[in-house]
Amino acid sequence: MEMVLLTALGVGGATVFGSVIGFIFKNISHKFSDIVLAFAAGVMLAAAVLGLIIPSVEYGGQWGLLITVAGIFTGALCLNLIDKVVPHLHKLAGADPENHTGNANLSKVLLFVTAIAIHNLPEGIAAGVSFGSDNTNEALMIAGGIALQNIPEGMVIIGPMLAAGISPKRTFLCAMLTGLVEVIGTLLGYFAVTVASAILPFALAFAGGTMLYVISDEMIPETHAHGSQRGATYALLVGFCVMLVSDVLLG
């Protein structure tokens, strides 16, 4: 339990860490943030397959494959429904950290921050559920990939909020709240599979589906939207291979 709590704080704290970077370097280039985000996408892609989806098939027994497929699509559809209510990242016009102006639309900026907070919940759940497989190394790798993704997210929310006239103190508080959502999600995911171990195969696949959805629908389009797609592609491959090598060596 102590490891899960520390992981939850680390995953949520990554957003806060990113926001601190955003305060220090207010004009972070798209190329840098895209490379970091693409690397995180590669780590998350490998983590979703190796740490969530394959274990889901193995734990599911006779119906493992069917349960896994159902869980993947349920997780993806869940995030798809969330997207219909609150779009995220590249879908929010005006959230560009290099393109904001002093008269930025405050409601649009707050919508952007709210979107990040809402999307952090299923990502946190994925981190928590991964501990149900009893493979701590893979669980930590999954949490690490999610944390890497949270760093650039924390970075990009600072500039637009400051430009919209929100005080630095309140801006930092908003960043902390988005990270807190991820902490709550991690604990919810862990307790869900602990209380009802029978749902573990479905929960693992559900978490894997949410991660695949985030990677395909949000992270890859975001990293390919600013002219850095070649570097982002290789960064994704590096992230995937780092996770693959780590899984083999530590597995």
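Note that this is a predicted model, so its numbers are computed, not measured.

Cut-offs and rules
- Every chain is numbered independently, its residues counted from 1 as its sequence is written.
- Reporting in this predicted model follows two pLDDT cut-offs: at least 70 for local features of residues, and 80 or more for side-chain atom pairs to be given and counted; totals over whole chains, interfaces and linings ignore these cut-offs and use all residues.
- By convention in this description, side-chain values take in all heavy atoms of the structure and omit both hydrogens and water.
- Under the DSSP-based scheme used, a helix requires at least four consecutive residues in state H or I and a strand at least two consecutive residues in state E, with every element numbered from the N terminus.
- Only heavy atoms matter for contacts: two residues are in contact if any of them lie within 4.5 Å across the pair.
- Only buried Ala, Val, Leu, Ile, Met, Phe, Trp, Tyr and Cys residues count toward a nonpolar core, and they belong to the same one when joined by side-chain atoms within 4.5 Å.
- Burial here depends on accessible area, computed with a 1.4 Å probe over protein chains only, as a share of the maximum for the residue type. Under 20% is buried, over 50% is exposed, and the range in between is partly exposed.
- Whether two aromatic rings pair depends on their centres lying within 6.5 Å, for rings of Phe, Tyr and Trp, where Trp uses its six-membered ring; planes under 30 degrees apart make the pair stacked, over 60 edge-to-face, and the rest tilted.
- What counts as an axis is a line fitted to C-alpha atoms, over the stretch in contact for a helix, and the angles between N-to-C directions run from 0 to 180 degrees.
- Reported orientations rely on four angle classes, namely roughly parallel under 35 degrees, roughly antiparallel over 145, roughly perpendicular from 65 to 115, and oblique for the rest.
- Left-handed describes a crossing in which the near helix is turned anticlockwise from the far one by less than a right angle; the clockwise case is right-handed.
- For this scheme, ten residues count as nonpolar: Ala, Val, Leu, Ile, Met, Phe, Trp, Tyr, Cys and Pro. Four count as charged, namely Asp, Glu, Lys and Arg, and the remainder, Gly too, count as polar.
- pLDDT expresses how confident the predictor is about each individual residue, on a scale running from 0 to 100.

Teacher, can you tell me more about the side chain of Ser56 here?
Turning to its location among the elements, Ser56 is positioned in helix 2 (residues 30-59). Contacts of Ser56, omitting those with residues within four sequence positions, involve Gly64, Thr68, Pro201, Leu204 and Ala205.

Before we go on, may I ask you to explain the nonpolar core in this structure?
Soluble globular proteins tend to pack their nonpolar side chains together in the buried interior. Formed by 31 residues in total, the largest nonpolar core has its most connected members in Met44, Leu52, Val129, Ile142, Ile146, Met211 and Met219. At the level of elements, helix 2, helix 3 (64-85), helix 4 (106-129), helix 5 (136-156), helix 8 (200-223) and helix 9 (229-250) are the ones that each hand at least two residues to this core. With residues up to four places along the chain from it excluded, the contact list for Ile142 reads Ala47, Gly51, Leu52, Ala126, Ala127, Ser130 and Met211. Ile116, Ile157, Met161 and Ile166 belong to the second largest nonpolar core, which has nine residues in total.

What am I meant to see in the packing of aromatic side chains here?
To describe a pair of aromatic rings, one takes the distance between the centres and the angle between the planes. Scanning the model with the defined rule gives three aromatic pairs in all. Geometrically, the ring pair formed by Phe202 and Phe206 is tilted, given 6.4 Å between the ring centres and 35° between the ring planes. Residue Phe202 and its partner Phe206 are located together in helix 8, separated by four residues, close to a single helical turn. Classification of Phe206 by relative accessible area gives buried; the value is 19%.

Honestly, the side chain of Thr7 in this entry has me stumped. Any pointers?
Within the element layout of this structure, Thr7 appears in helix 1 (residues 2-24). For Thr7, a relative accessible area of 8% puts it in the buried group. In contact with Thr7, other than residues within four places in its own chain, are Phe131, Leu140 and Ala143.

What should I look at first to understand the packing of helix 5 against helix 9 in this one?
Angle between the axes and distance between the axes: these two values describe a pair of packed helices. Orientation of helix 5 relative to helix 9, taken along the N-to-C sense of each, is 165°, at an axis distance of 10 Å. Between helix 5 and helix 9, the interaxial angle falls into the category roughly antiparallel. Between helix 5 and helix 9 the crossing geometry is right-handed. Residues Asn137, Glu138 and Met141 of helix 5 pack against Met243, Ser246, Asp247 and Leu250 of helix 9. Its residues placed into classes, the contact of helix 5 with helix 9 shows three nonpolar, two polar and two charged.

Is there a simple way to think about the packing of helix 3 against helix 8 in this case?
One can describe the packing of helix 3 onto helix 8 by two numbers: an axis separation of 6 Å at closest approach and a directional angle of 50°. On the basis of their axis angle, the class for helix 3 and helix 8 is oblique. For the crossing formed where helix 3 meets helix 8, the hand is right-handed. Contact with helix 3, carried on its side by Ile67, Thr68, Ala70, Gly71, Ile72, Thr74, Gly75, Ala76, Cys78, Leu79, Asn80 and Asp83, involves Pro201, Phe202, Ala205, Phe206, Gly209, Thr210, Leu212, Tyr213, Val214, Asp217 and Glu218 of helix 8 and no other residues of that element. Counted by class, the contact of helix 3 with helix 8 contains 13 nonpolar, seven polar and three charged residues.

Sorry if this is basic, but what is going on with the confidence of the model for the protein chain here?
Should pLDDT be low for a region, the predicted coordinates there are not to be read in detail. Averaged over all residues, the pLDDT of the protein chain equals 81, while 87% of them reach at least 70. The lowest-confidence element of the protein chain is helix 4, averaging 74 in pLDDT; the highest-confidence one is helix 3, averaging 90. In this model residues 92-104 is a low-confidence stretch, pLDDT under 50, and it forms 22 contacts with partners more than four residues away in sequence or in other chains.

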